Amino acid sequence: MPLTQEQKKQFKSIGHHLKPVLIVADNGVTEGVAAELERALNDHELIKIQVRVAERDDRLAVIEELCKAGNAELAQVIGKMALLYRKNPKANRNLSNISRYQG
């Protein structure tokens, strides 16, 4: 289900304070990257990813691939940073960035 503009606005506000939990380089979405993406989305729901790919079009392709691999929604892209969200119905309140920043 696509994110609403209100959700995107809220997630951008939360994401501003986050540090990247995943860094993707020229190798793209490897098995290890996909596994770490899955773990991070399960734990945190909203994560920031740094994509260290030089060309803008290639970077956007990697971000799209990450969204498909993690079954996540793209909340924001600024330069080499992407903010991804996937709802976890059994989220740990201590780990979830959504729960922690909403109070």
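Note: the structure precedes this text.
Remember, predicted model here, so these are calculated numbers, not experimental data.

Participant: Got a minute to help me understand helix α3 (residues 56-70) in this structure?
Facilitator: What sets the pattern is the α-helix's 3.6 residues per turn: residues three or four places apart point alike. With 15 residues, α3 extends 21 Å between its outermost C-alpha atoms, agreeing within 8% with the 21 Å of an ideal straight helix rising 1.5 Å per residue. Turning to α3, its buried residues are Arg-59, Val-62, Ile-63, Leu-66, Cys-67 and Gly-70. Axial view of α3: buried residues confined to an arc of 140°, hence all on one face. Those residues of α3 that are exposed and angled more than 90 degrees off the buried face are Asp-57 and Lys-68. The inward-facing, buried residues of α3 abut β1 (22-24), α2 (31-44), β2 (46-51), β3 (73-78) and β4 (81-85). Looking one or two residues beyond α3, the residue adopting positive phi is Asn-71, at roughly 55°.

Procedures and definitions
- Residues numbered from 1 in each chain as written.
- Predicted model: local features only at pLDDT ≥ 70, side-chain atom pairs only at ≥ 80, totals over all residues.
- Heavy atoms only, no water.
- Helix = DSSP H or I, 4+ residues; strand = E, 2+ residues; numbered from the N terminus.
- Expected span 1.5 Å × (residues − 1).
- Buried < 20%, exposed > 50% of the residue type's maximum accessible area, 1.4 Å probe, protein only.
- Arc of directions from axis to C-beta.
- Contact = heavy atoms within 4.5 Å.

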